[in-house]
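Summary of structural features
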Amino acid sequence: MREPLLLFCNWSTLGVCAALKLPQISAVLAARSSRGISLPSLLLELAGFLVFLRYLCYYEYPLLTYLEYPILIAQDVLLLLCVFHFNGNVKGAAPYLALCVASWFVLSLQKWIIDLAMNLSTFISTASKFAQLQCLWKTQDSGAVSALTWSLASYTCAARIITTLMTTSDLTVLMRFVIMLALNLWVTATVLRYRTTVGKAE
């Protein structure tokens with residue numbers, strides 16, 4: 001029972017993450033607008049993913065426990081370019097992308113750097129979710145924000161809680177997934193709430 005459950009969680013997470021941001025990217029392209037999407041939230045999420053992936057690579061975690069992160073980072077970069085494009089300044093993404101590339105190499109220079117960054121990454125990712133929530137609270141309009149993307153993100157966190165408990169039991173990683181699960185569900189509920197409110201108003 002243990003091995004099939006682990007395989008299901010790993011592969012289902014990978015499958016979900018392969019398409020995780022596609023509903024969000026599709027919504028932005030269809031609306032030809034990034035209304036409702038928080039740029040600070042997106043940048044912080046990208047930073048959190050990058051640090052987390054570097055940490056797992058540095059400590060040589062099993063490949064299946066983090067294979068989705070390169071896919072998520074690629075999708076976040078694409079979404080970031082879409083946001084900058086519809087904000088009328090696609091070149092504005094260049095400094096952020098350059099910083100991400102430089103960070104990848106700097107993070108692994110010393111063990112204490114990657115450990116500190118990992119501890120901070122949970123706060124960075126938490127700040128990312130709160131930035132999106134703040135944007136939603138301020139506008140009271142979910143705009144082009146995809147509830148499906150946030151729902152799928154919630155599932156992947158739940159699956160990763162199971163795989164972490166069954167493999168490494170790393171408390172730092174486990175706490176990160178628990179916090180992210182709670183916040184992803186909160187964002188999903190907020191998006192659906194404002195979508196219903198706007199629908200009734202119309």
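Here, the structure is the one placed above.
Quick look at the structure, then. Keep in mind the model is a prediction, meaning the values are calculated, not measured. (Residues numbered from 1 in each chain as written. Predicted model: local features only at pLDDT ≥ 70, side-chain atom pairs only at ≥ 80, totals over all residues. Heavy atoms only, no water.)

Looking at the packing of helix α3 (residues 39-58) against helix α4 (residues 68-86)
The interhelical angle for the contact between α3 and α4, taken along N-to-C directions, is 160°, at an axis separation of 10 Å. Between α3 and α4, the crossing angle belongs to the class labelled roughly antiparallel. Helix-helix and strand crossings are classified by hand; for α3 and α4 the assignment is left-handed. Here Leu39, Leu42, Leu43, Glu45, Leu46, Phe49, Leu50, Phe52 and Leu53 of α3 come into contact with α4, specifically with Tyr69, Pro70, Leu72, Ile73, Asp76, Val77, Leu79, Leu80, Val83 and Phe84. Here the residues of the contact of α3 with α4 sort into 17 nonpolar, no polar and two charged. (Axes fitted to C-alpha atoms, helices over the stretch in contact; angles between N-to-C directions. Helix = DSSP H or I, 4+ residues; strand = E, 2+ residues; numbered from the N terminus. Parallel < 35°, antiparallel > 145°, perpendicular 65-115°, else oblique. Left-handed = near helix turned anticlockwise from the far one by under 90°. Contact = heavy atoms within 4.5 Å. Nonpolar A, V, L, I, M, F, W, Y, C, P; charged D, E, K, R; others polar.)

Points about the pattern of salt bridges
A full pass over the atoms with the stated rule returns five salt bridges. In this structure, Lys21 engages Asp76 in a salt bridge whose closest nitrogen and oxygen atoms are separated by 3.4 Å. Within this pair, whereas Lys21 is found in the loop between α1 (2-18) and α2 (22-31), its partner Asp76 is found in helix α4, the two being separated by 55 residues in sequence. Of the two residues examined, Lys21 and Asp76, each falls in the buried class. Residues Asp115 and Lys111 are paired through a salt bridge, measuring 2.8 Å at the closest nitrogen-oxygen approach. Taken together, the positions of Asp115 and Lys111, both in helix α6 (residues 111-139) and four residues apart, correspond to about one turn of that helix. (Salt bridge = Lys/Arg side-chain N within 4 Å of Asp/Glu carboxyl O. Buried < 20%, exposed > 50% of the residue type's maximum accessible area, 1.4 Å probe, protein only.)

As far as function goes, none of this settles anything; it's purely spatial.
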